[in-house]
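Chain residues, written in single-letter form:
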Amino acid sequence: MGKTKHSGRISLPSRPDPKLWVSKMPFGLNRIKPRHIRDTLKVVWDNRDQLPYAYRILTQGVCDGCALGVSGLRDQTLEGPHLCTTRLNVLRLNTMPAIPEKILHSDIEELRKLNSTELRKLGRIPYPLIRRSGESRFSRLSWDEALDTIAGKIRSIDPKQLAFYLTARGITNESYYVAAKVARFLGTNHIDNASRICHSPSKTALKRSVGIGASSCNYKDWIGTDVLVFWGSVAANNQPVSTKYMYAAKRKGTKIIAINPYHEPSMDQYWIPSVAESALFGTKITDDFYQVNIGGDIAFMNGVMKHWFEMEEAAPGSAVNLDFVREHTNGYEELRAHVMKQDWALLEQSSGLSRERMREFAVLLAQAKSAVFVWSMGLTQHRFGTDNISQVANLALLRGFLGREHCGLMPIRGHSGVQGSGEMGADPFSLPGGEFKGADIARIEKVWGFKLPEWQGDIVGVTLENALLPDDHERKLKTFYTSGGNFLETMPDPDFVERCLQNVELRVHQDIMLNTSTLVDAKETVIVLPAMTRYEQPGGGTSTSTERMVYFSPEIDGPRMPEARSEWEIYVDLASRVKPEQAHLIQFKDAAAVRAEIAKAAPNYDGIQHLSKRGDVFQWGGAWLCEDGICPTPDGRGNLIPIELPELRKPEGHYFATTRRGKQFNSMVYSETDPFNGADRYDVLMNAEDGKAQQLQEGDAIVVYNKYGVFHGRAKWAEVKSGNIEVHWPEGNVIIPKGVYEPHAGIPEYNTTVIVEKAETYYAHKDTKYVERRIDELELVSE
């Protein structure tokens, strides 16, 4: 790990820079843009019944939104306050009152008429609930009754028929750690978390390429780096506070590049509410946009490297950092041979970019002395996501952009709790501080005092599918315990997922609110347990940011759900009831005791035991992982890995399709209209020339379909790469194939190929063209 420590906050320039202004018109009047003042006033109104408590959460607690790590109103990167509408929108989850009993116990069919947004607005879950098969209403029950029922069911089944899942909904490291321990204590390795469907390829690829499982650098490294690249990441929309870092980087002369099929308006220009100059006149963010095909990133990166190797032939050292490569990498000649045999025509076709455009990017990086690569789901949510990230690592290693100031590899996290989830062991392939194998198993058994199950657990997608196995199958999912999460709105093929959930005998939903999956029938029983938020947790809790900062979030005085309980305490109580004779092995006196054990079980987290009050924070690993180019791999060197082009089959007349986010946090939608482009949730973003070639007009009702499903929407012209379309997530999940997982990391595929037709044409021929001949003649998606 690195020896250099984070150097602390820096200040923004005091004088404005009109060259960066979007417009001299104050507040972007008459433009399609977020209305931060209006949105803030709306949040104030929504929280009017608990304004003092809301204020204390904002000023004392660690943000439960994205993983940028804002504590109170401050972070470790820039001086001054930080606040964004994403955090403000999430705020109401912490201050809302209980769901009125009349509504909570109404007929289930009435509740099912509400979407997740409407269910969320009903309020908090006040006490444990149960609904047995055939019952049309939830009934109240005591905590003892609820936990005894769950414990009895767990005792009656094979541990391989039990699974746990934890979302990133404000969950603390303490809860992830205790859940990981409890799962193994109960004999199951089926435990997974929200990173499986967002960043699991990042960890897998970084481990194999450079030996790390987290960001190698800090947000501070953005500010003053020569080139800052956002790859498949719309940070301005998903992590809005990051725009302040982008502004600071622009003021230092950093070039910001975005690589994405859609020329995202929020990455082009932004009105940053916590920077007066930007709030008034906006800020031009990106210097260039490279619009690749969906799935075309590997080809693009191979093209960039091919240019580098050609430049090296003409002038050694002009593109590749040869000293760094010789001293700190393996596989250079193999990578070079692999890339040089790539055909330019195929690289152009696959990437969607010309050889000249690839050269522009290659020269930009070759001339840069530093660069930071940031990426998100645009790279990870593919069946070749791990290869995408290893390609990014290849670029960094060839240029030596690793282990020093203003350089690094950063998988930017979209949720406040998700970085710590795998590091705490809430993952079928991980244990606290290590992997689920060999020496790490023996090490954890010594800390925990009991034997771990030796079989490999399943990723959450496979776990859900296991619900449809025969009843006598040893991995038939019979009890599913989920802390947060809504698989109906996060996984491909929602109808299939609903069948899986219905086929589980006992489902436990531990949450702060209802969602649509909570209302799905179970084969025998659904139990709902009311959880505390991170701000209610006795003894406080911790979370880990994208840059590996571990923050302490204190318990904050305010109203409470009388029967809500701390999540880690619920797990302990349940485990003690399943195995009362061994309960002493799973007990913790308080949250501080959990942190003390984390420090022993996860060596990187030595220091978490000292976090106890507001403002406490430490960064594991130092400022830069792989400092001075030395990687935590067996030989201390990074691995350059030849990556094959994925097969992208798109028959004539078809489009590549992917999903995108609008104004939402995870699957929680806060507006039907995207404030950056005016699109609603059922608009299909497509290139205007593509639409006109099909005799479409903007606003036409269209049908997007393939052999997996049908999506009804309206044509919306946008700067999307020709031959590609984008639909909103989760609404567009109906056209995404189920059961397609990335082979290394297990992330579901969220991309496909589709046909787009005017709705009237589709329905005119539906009975003959799309039913009788549909399976044979629809596209062959790449699998």
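This structure is a prediction, so every number in the text was calculated from the model and none was measured. (Residues numbered from 1 in each chain as written. Predicted model: local features only at pLDDT ≥ 70, side-chain atom pairs only at ≥ 80, totals over all residues. Heavy atoms only, no water.)

## Section: empty space enclosed by the protein
1) Next: Per the counting criterion, the structure on display carries 10 cavities of 30 Å³ or more.
2) Next: Of the voids in this model, the largest cavity is the one considered here, and its volume is about 380 Å³.
3) Next: Along its surface, the largest cavity is lined by 26 residues, and Gly232, Asn260, Met377, Gly378 and Thr659 are the ones closest to its centre.
4) Next: Mapped onto the lining of the largest cavity, the elements with two or more residues apiece are helix 10 (235–238), helix 19 (377–380) and strand 22 (655–660).
5) Next: Top contributing element to the lining of the largest cavity by residue count: strand 22, with three residues. (1 Å grid on protein atoms, 1.4 Å probe; cavity = no way out; pocket = protein on both sides within 12 Å on 5 of 7 lines; lining within 4 Å. Points joined across faces, edges and corners; volume = space filled by probe spheres on them. Helix = DSSP H or I, 4+ residues; strand = E, 2+ residues; numbered from the N terminus.)

## Thoughts on the sheet that holds strand 15 (residues 479–483)
1) Next: Spatial strand order, 2-1-17-16-15-3-4: seven strands in an open sheet with mixed pairing. Both outer strands of the open sheet, strand 2 (139–140) and strand 4 (191–193), are each paired with one neighbouring strand and no more.
2) Next: Where strand 15 and strand 16 (residues 506–511) come together, five bridges link them in parallel fashion. Bridged to threonine 479 within strand 16 is leucine 506. (Pairing = 2+ DSSP bridges.)

## A few points about the packing of aromatic side chains
1) Next: Tallied over the entire structure, the rule returns 26 aromatic pairs.
2) Next: Centre to centre, the rings of tyrosine 481 and tyrosine 571 are 5.6 Å apart; their planes meet at 40°, and the pair counts as tilted. On the criterion of sequence distance, the pair formed by tyrosine 481 in strand 15 and tyrosine 571 in helix 25 (residues 567–578) is long-range, its members being 90 residues apart.
3) Next: Taken together, Trp231, Tyr290, Phe300, Phe361, Phe373 and Phe401 form an aromatic cluster joined through their ring pairs.
4) Next: Above the plane of the ring of tryptophan 143 lies arginine 565, whose end atom (NZ or CZ) is 4.9 Å from the centre. (Phe/Tyr/Trp six-rings, centres within 6.5 Å; stacked < 30°, edge-to-face > 60°. Lys NZ or Arg CZ within 6 Å of the ring centre and 35° of its normal.)

## Details of the nonpolar core
1) Next: If you look at the biggest cluster of nonpolar residues, it comprises 120 residues, and the most contacted ones within it are Trp231, Trp308 and Phe361.
2) Next: Every residue in contact with tryptophan 231, bar those within four places of it in the chain, is listed here: Ile259, Asp297, Phe300, Met301, Phe361, Val374, Trp375, Ser376, Leu379, Val392 and Leu395.
3) Next: Within the second largest apolar cluster, 35 residues are counted, among which are Trp222, Phe230, Tyr270 and Val374. (Core = buried A, V, L, I, M, F, W, Y, C linked by side-chain atoms within 4.5 Å. Buried < 20%, exposed > 50% of the residue type's maximum accessible area, 1.4 Å probe, protein only. Contact = heavy atoms within 4.5 Å.)

## Section: unusual backbone geometry
1) Next: Cis rather than trans, the peptide bond between tryptophan 729 and proline 730 has omega equal to 20°.
2) Next: Tracing the backbone through its elements, the reader meets proline 730 in the loop between strand 28 (724–728) and strand 29 (751–758).
3) Next: The backbone of arginine 548 sits at a positive phi, close to 70°, despite the residue not being glycine.
4) Next: Within the secondary structure, arginine 548 sits in the loop between strand 18 (541–544) and strand 19 (549–553).

## Focus on the side chain of serine 566
1) Next: Note that serine 566 resides in the loop between strand 19 and helix 25.
2) Next: Residues within four places of serine 566 in sequence aside, it is in contact with Met532, Gln537 and Pro538.

## A few points about the environment of glutamate 627
1) Next: The topology assignment puts glutamate 627 in the loop between strand 20 (617–619) and strand 21 (638–639).
2) Next: According to the relative accessible area criterion, glutamate 627 is buried, its value standing at 9%.
3) Next: Each C-alpha atom, one on glutamate 627 and one on leucine 280, is 40 Å from the other, the two residues being 347 residues apart in sequence.
4) Next: Apart from the residues within four sequence positions on either side, glutamate 627 is in contact with Gly2, Lys3, Thr4 and Gly403.
5) Next: At 2.4 Å, the side chain of glutamate 627 and the side chain of threonine 4 are in polar contact. (Polar contact = N/O pair within 3.5 Å; in protein donor to acceptor, adjacent residues only side chain to side chain.)

## Some points on the pattern of salt bridges
1) Next: Inspection of every chain in the model, using the stated rule, returns 47 salt bridges.
2) Next: Where glutamate 597 meets lysine 181, a salt bridge forms, and the shortest distance between an N and an O atom there is 2.8 Å. Here lysine 181 lies in helix 8 (residues 173–185) and glutamate 597 lies in helix 26 (residues 591–601), a separation of 416 residues in the sequence.
3) Next: A salt bridge links aspartate 323 to arginine 326, with the nearest nitrogen and oxygen atoms 2.5 Å apart. Taken together, the positions of aspartate 323 and arginine 326, both in helix 15 (residues 322–328) and three residues apart, correspond to about one turn of that helix.
4) Next: The exposure class assigned to arginine 326 is exposed, which follows from its relative accessible area of 55%. (Salt bridge = Lys/Arg side-chain N within 4 Å of Asp/Glu carboxyl O.)

## Side note on the sheet that holds strand 19
1) Next: Strand order in the open sheet made by the three strands is 18-19-20, with antiparallel pairing throughout. Edge strands, defined here as strands with exactly one partner in the open sheet, are strand 18 and strand 20. Each strand axis lies, on average, 20° off the axis of its neighbour in the sheet, ignoring direction.
2) Next: Across three bridges, strand 19 lies against strand 20 in antiparallel orientation. Considered in strand 20, the bridge of methionine 549 is made with glutamine 619.
3) Next: Each of strand 18 and strand 19 is contacted by helix 8, which is oriented at about 90° to strand 18, the strand it contacts most. (Axes fitted to C-alpha atoms, helices over the stretch in contact; angles between N-to-C directions.)

Spatial relationships are all this shows, so hold off on functional conclusions.
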